[in-house]
Amino acid sequence: MKKIIALILTAVTASALVVAASAESEYDNLNSFGNTKVAYGMGVELDAENRPLGAVTAQNQYGEMGAFFIGESTEKRLWLTFDEGYENGYTADILDTLKEKNVKAVFFVTYDYAEKNPDLIKRMISEGHTVGNHTYSHPSLPDCSPDEMYNELYQLHNYISSEFGYEMYVMRPPMGEFSERVLACARGLGYTTVLWSFAYEDWNPDKQPDQAAAFEKITSKTHNGAVYLLHAVSETNTRLLGKVIDYWHENGYVVTPM
């Protein structure tokens, strides 16, 4: 009997070691990538085509690693994206405007947002928008260990897939903070990491920008290949959205699905 128990314990121990080795090897490859944190911002300097030099430089540096900051300069098209950290009562209105203007956007969501707002997620999907991964719990990804980083993306991916039957394929790192390791992790899970070439201070509901000033800022920065980041908690963005889309269309820009 002692020999049988010993054999069983040996088998269980060996099995546990195999599982541990397998789990470790799942993330081991990420350690070969640098993890220096990049706190991204597109900057204020523009090239001759009104394109932010920070976004152009980042695209050249990280584009081959699966990151997307700005599109080609030769085409008058742009991408419209919204970050959804929490619901502030405006997303339904935003979806109404997008439907009216026949425009498709990207909504980057967290687990908390998706779990609390399933009807909005279903509507985004049914109306042809892209739902993007904004991580499970909104950490700074370079501060995570390789397994934590992986799980931040994978757990939300699985939740959206199982609850809504939708497979996400774009992700945005919280706060725009990333590293080569983050890009490699995302790419390994089949994701393109999407940053932006336009953003402004629109995220504080208690400090909303003036509508006229916001319209001027958003439209004056229009450029070929623009990736717009707007926050859906913003009343100003919600009220201006239709007018901004009209401006883009009147000036020959196409808002492109991602």
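Here the structure is a predicted model, which is why all the values come from computation and not from measurement.

(A) Summary view of the nonpolar core. Ranked by size, the top nonpolar core spans 72 residues in total, and within it Tyr40, Phe69, Leu80, Phe82, Leu98 and Trp248 carry the most contacts. If one sorts the elements of this core by residue count, helix α6 (residues 146-164) sits on top with 7 residues. Excluding its chain neighbours within four sequence positions, the residues that come into contact with Trp248 are Leu78, Leu80, Ile218, Thr222, Tyr228, Tyr253 and Val255.

(B) Structural context of the confidence of the model for the chain. Of the residues in the chain, 89% reach a pLDDT of 70 or more, and the chain-wide mean stands at 91. Here residues 1-25 scores under 50 on pLDDT; set against residues more than four positions off or in separate chains, the count is 0 contacts.

(C) Examining the pairing of strand β3 (residues 77-84) more closely. Burial runs high along β3: 7 of the 8 residues are buried. Bridge count for β3 against strand β10 (residues 254-255) is 2 bridges, and the pairing is parallel. In the strand pairing of β10, Arg77 is matched with Val254. The pairing of β3 with strand β9 (residues 227-231) spans 5 bridges and is classified as parallel. Of the residues in β9, the one forming a bridge with Trp79 is Val227. Pairing between β3 and strand β4 (residues 106-109): 4 bridges, direction parallel. Residue Glu84 lies in a different strand from β4, and its bridge partner there is Val109. Once you follow β3 into helix α3 (residues 91-101) and on to β4, the crossover reads as right-handed.

Rules used in this analysis
- Residues numbered from 1 in each chain as written.
- Predicted model: local features only at pLDDT ≥ 70, side-chain atom pairs only at ≥ 80, totals over all residues.
- Heavy atoms only, no water.
- Core = buried A, V, L, I, M, F, W, Y, C linked by side-chain atoms within 4.5 Å.
- Buried < 20%, exposed > 50% of the residue type's maximum accessible area, 1.4 Å probe, protein only.
- Helix = DSSP H or I, 4+ residues; strand = E, 2+ residues; numbered from the N terminus.
- Contact = heavy atoms within 4.5 Å.
- pLDDT = per-residue confidence, 0-100.
- Pairing = 2+ DSSP bridges.
- Right-handed = clockwise from strand over helix to strand, strands pointing away.

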